[in-house]
Each structure stands twice: as C-alpha cells, then as structure tokens.
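# Working through the structure, step by step
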Amino acid sequence: LVSCSNYTGGYFTAYRALGERDDLDFVLHVGDYVYEYGNGPDRYGPVDLVGKRDGIPATETVDLEGYRLRHVLHKADPDLQLAHRRHPWITIFDDHEVANNAWRSGAENHTPGAEGDFLARRQQAYEAYLEWMPFRLPDQHGVDHQGTRFFKRFSFGTLADLSVLETRQNRSAQV
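Here is a short report on the structure shown in this document. (Residues numbered from 1 in each chain as written. Predicted model: local features only at pLDDT ≥ 70, side-chain atom pairs only at ≥ 80, totals over all residues. Heavy atoms only, no water.)

### Some points on the nonpolar core
Counting 32 residues, the largest nonpolar core has Tyr15, Trp89 and Val98 as the members making the most contacts within it. Of all the secondary structure elements, the ones that give two or more residues to this core are helix H1 (13–20), strand S1 (27–29), helix H2 (64–75), helix H3 (78–86), strand S2 (89–91), helix H4 (118–132) and strand S6 (160–164). If we ignore the near neighbours within four places in the chain, the residues touching Trp89 are Tyr15, Val27, His29, Tyr33, Leu80, Ala83, His84 and Pro134. (Core = buried A, V, L, I, M, F, W, Y, C linked by side-chain atoms within 4.5 Å. Buried < 20%, exposed > 50% of the residue type's maximum accessible area, 1.4 Å probe, protein only. Helix = DSSP H or I, 4+ residues; strand = E, 2+ residues; numbered from the N terminus. Contact = heavy atoms within 4.5 Å.)

What follows is the structure in structure tokens.
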C-alpha cells in the first residue's frame, strides 16, 4: 500500500524497495501519485532538493499538457520504473492528481479565473491520469452515478474483496 508520491518532496527509494521484492502480488496506490505544485513559492518539499528534484512543468499543473508532463516526470524515475516493471498495480487518485483538497466544483488550491475553469482542469487531469496510469475505467452503463465512474471491485477468490473508491468527484466542499 503506497500513496503520496511527491517528486519534489524526496527520492522514490521506497519504490525501489518494492521493486526489489519478489513476494508481492500487486502494489495498491491509493492516490496522490503526482502533485500539482510548481517549483516557485508553492513548491512542496525540502529546500535542499531545489535544482535536484524539480517539477516539470516548473509551474503548477493546470492543463492537459502540464498534467501529462508531470506524469512523464514520475514515470522517468528509475525507482518507480522498477516497481512498475516488477509488479501489477491497482490505483485510484485522490486530490493532488487535480488540485489540493478538491471537491465537486472547486479545490482549495484552485483560483477560479486565474487558473481557468475548475471542471475543465479536472477533466484534463483525469484524461492525463487515464493515459499514464495502469487504470481501466469500469463499465459506465447501468450505474447510477454522477460524472465518470472510477470505483471498482477486485475479488481474490474466497480470500478477499477489494473495493477501490473515488471520493473527490462528487463531494461537497469541506467546512
């Protein structure tokens, strides 16, 4: 079980450790695979990694090109590559794949107007996620759901069932 893969926050040695293991059936990533922050005042990570682990694009990700580049940056990390190469992944996004503390129609880290329309931003972030992550959308038909259905269930025989939930798309803003 892993989460919170902030490239500017540190090295991905935990992924190297996972990639070196031979006793895993899969890696479960529960979100924040990428972070939207830029390299400026909004940078999230230790000062000593400035110039060593900088985000691409250098600005906050707010559009399809930016989200694609952020996924490319992560996929170029050799430790993360090893973990992806060695094990299947089950993934779902949280909030930073779009913007911090996202809800149905906005996010704490989204400035309407200055950063465009939030729903367009979210759609572009989802598009990049689906292009770059090992994630297949479940059937969209016959399910009473607003928006895109991402949640799904995995069964492991009689041993376990795993329900993967997406909790950002339709939630209300936090008080």
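### Notes on H2
Here H2 is 12 residues long and its end C-alpha atoms lie 16 Å apart, about the 16 Å a rise of 1.5 Å per residue gives. Among the residues making up H2, those that are buried are Leu64, Gly66, Tyr67, Arg70, His71, Leu73, His74 and Lys75. Turning to H2, the residues buried within the fold contact H3 and H4. (Expected span 1.5 Å × (residues − 1).)

### Quick word on the packing of aromatic side chains
Enumeration over the complete set of coordinates arrives at 14 aromatic pairs. Where Phe26 meets Phe156, the ring centres are 5.3 Å apart and the plane angle is 10°; that geometry is what we call stacked. In this pair, Phe26 sits in the loop between H1 and S1 while Phe156 sits in strand S5 (residues 152–156), placing the two residues 130 residues apart along the sequence. Assessed through its relative accessible area of 31%, Phe156 is described here as partly exposed. Geometrically, the ring pair formed by Tyr35 and Tyr44 is stacked, given 5.9 Å between the ring centres and 5° between the ring planes. Its relative accessible area of 8% is what places Tyr35 among the buried residues. Tyr44 gets classed as partly exposed once you look at its relative accessible area, which sits at 48%. Through a chain of ring-to-ring contacts, the aromatic side chains of Tyr7, Phe12, Tyr15, Tyr33 and Trp89 assemble into a single cluster. Over the ring of Tyr7 we find Arg53, and its NZ or CZ is 3.6 Å from the ring centre. (Phe/Tyr/Trp six-rings, centres within 6.5 Å; stacked < 30°, edge-to-face > 60°. Lys NZ or Arg CZ within 6 Å of the ring centre and 35° of its normal.)

This is a description of form; function is not addressed.
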